[in-house]
Amino acid sequence: MRGLTGRVAVVTGAAGGIGAATARRLAEEGAHVVAVDLDEDRARAVAGTLPTESIGVRADVSAEDGVAGYLAAAVERFGRVDLHHLNAGIPGSFATLPELTVAEFDRVMAVNVRGVFLGVRAAFRQYAAQGTAGSIVLTGSIGSLRGSADLLAYQTSKHAVLGILRGAAMYGGPLGVRVNAVAPGIVPTELFAATPDVSGGKDDMSRRASSTPLRRAGTGEDVAAVVAFLLSDDAAYMTGEVVSVDGGAGIVSTVRPSGGAGAWDFAAYDASLYGGPTS
């Protein structure tokens, strides 16, 4: 892809899943990667496997000093930052809406919304200090575009990411800074590893993905390829865009044949969700 070789790219949430896959793809395209994660050992391990000069940095993306720290480390090592994939996020609790605590809601919003805001703001400040343009990609979700009865804090946060996207794209356009987002569908990453037996958790994701048009769950590499494209000069006339990477899930009509009609036993599902038979 044009315009990635020799560039410096920050990737947050880079210790695994989509972030690690993006770090690998960008490095394969010739970029130097600053792999950022709360898990420093795994971030450094990812950086150590890349074919370009890259570094792993520990940072809490929800804190101003954490974001300032990873940018300082990037500039100290490479002198500048050209590309940002603001990917770090957490799914939060699978608790039903009445049981969701304020503390859990705030925890998800801190990482998924404040973390993205801080990353975008820092990126613009760094571009201004360098006197350069650049490209930013945010990780949204199919949950940015659709609703479901679980993961309410996560869905709320991912809707908010699109608000940041559109405002940043409007501000950045005249400066030559492009801001886009990917909206992954079912991608069973380590984020869901702690909830294997929960409805909608990791072990349930492949079954659910089998009803998408492509009949499979996605991979980190599937998403990373689109992120790399959006960061590259091949996407030079794209900004403010949300690109779904969901196996076609977003186009499915669940009330038509071949779109999932009758695929689920909703009486049993509702009973498990609400604790008894429903009318």
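Please refer to the structure higher up on the page.
Keep in mind that this is a model prediction, so the values were computed, not measured.

1. Let's talk about the environment of Thr-212
One can find Thr-212 in the loop between helix H6 (202-209) and helix H7 (220-231). Taking the C-alpha atoms as reference points, Thr-212 and Ala-183, separated by 29 residues in sequence, lie 15 Å from one another. Residue contacts for Thr-212: discarding those within four places in its chain leaves Asp-246, Gly-247 and Ala-249.

2. What to know about helix H3 (residues 64-78)
The end-to-end C-alpha distance of H3 is 21 Å, a good match for the 21 Å that 15 residues give at a rise of 1.5 Å each. Listing the buried residues of H3 in full gives Gly-66, Val-67, Tyr-70, Leu-71, Ala-74 and Phe-78. In an axial view of H3, the angular spread of the buried residues amounts to 130 degrees, which keeps them on one side of the axis. Residues Glu-64, Asp-65 and Glu-76 are exposed on H3 and point more than 90 degrees away from its buried face. Looking at the packing, one finds that the buried side of H3 touches strand S1 (8-12), strand S2 (32-37), strand S3 (55-58), strand S4 (83-86) and helix H4 (102-130). The first or second residue beyond H3 is Gly-79, which carries a positive phi of 90 degrees.

3. What about the nonpolar core?
Grouped burial of nonpolar side chains is what soluble globular proteins tend to show. Judged by nonpolar contacts, the single largest core of 42 residues is most densely connected at Val-34, Tyr-70, Val-120, Ile-136, Leu-138 and Val-179. Elements represented by at least two residues in this core include exactly S1, S2, S3, H3, H4, strand S5 (134-139), helix H5 (152-172) and strand S6 (177-184). Ranked by the residues each element gives to this core, the list is headed by H4, at 10 residues. Leave out the neighbours within four places in its chain, and Leu-138 touches Leu-86, Val-116, Val-120, Val-161, Ile-164, Leu-165, Val-179, Asn-180, Ala-181 and Val-182. Counting residues in hydrophobic clusters, the runner-up holds 25 residues, among them Leu-4, Ala-20, Leu-26 and Leu-230.

4. A few points about the environment of Arg-25
Position of Arg-25 relative to the elements: it lies in helix H1 (residues 17-28). Separated by 202 residues in sequence, Arg-25 and Val-227 place their C-alpha atoms 9.0 Å apart. Beyond its immediate stretch of four places on either side in the chain, Arg-25 contacts Met-1, Ala-224, Ala-225 and Ala-228.

5. Remarks on the pairing of S6
The buried count for S6 comes to 8 of 8 residues, which makes it a mostly enclosed element. As defined by bridge partners, S5 adjoins S6 across 6 bridges and the pair is classed as parallel. Its bridge partner lying in S6, Val-137 is registered against Asn-180. Looking at chain direction, S6 and strand S7 (residues 242-245) are connected through 4 bridges and run parallel. When the bridges of S7 are listed, Ala-181 appears paired with Val-242.

6. Considering the sheet that holds S2
Reading across from one edge, S3-S2-S1-S4-S5-S6-S7 is the order of the 7 strands in this open sheet, with parallel pairing throughout. One side of each edge strand has no neighbouring strand; the edge strands of this open sheet are S3 and S7. The average undirected angle you get between the axes of adjacent strands in this sheet is 20 degrees. Across the sheet, H5 lies against S5, S6 and S7, angled at about 160 degrees from S6, the strand it touches most.

Cut-offs applied
- Sequence positions are assigned chain by chain, starting from 1 and proceeding in written order.
- Residue-level local features of this predicted model are given only where pLDDT is at least 70; pairs of side-chain atoms are given and counted only at 80 or more, and the full residue set underlies all totals for whole chains, interfaces and linings.
- Excluded from the side-chain calculations are hydrogens and water; all other atoms, namely the structure's heavy atoms, are used.
- Here a strand is any run of E in DSSP of at least two residues, a helix any run of H or I of at least four, and the numbering for each starts at the N terminus.
- Should any heavy atoms of two residues lie within 4.5 Å, those residues are considered in contact.
- Helix span, expected: 1.5 Å multiplied by one less than the number of residues in the helix.
- In this scheme, a residue with accessible area under 20% of its type's maximum is buried, one over 50% is exposed, and one in between is partly exposed, where area comes from a 1.4 Å probe on protein chains only.
- The directions from the helix axis to the C-beta atoms form the arc being described.
- To form a nonpolar core, buried Ala, Val, Leu, Ile, Met, Phe, Trp, Tyr and Cys residues must be joined to one another through side-chain atoms within 4.5 Å.
- Pairing between two strands requires that DSSP report at least two bridges joining them.
- For helices, the axis comes from a line fit to the C-alpha atoms of the stretch in contact; other axes are also lines fit to C-alpha atoms, and the angle between any two N-to-C directions lies between 0 and 180 degrees.

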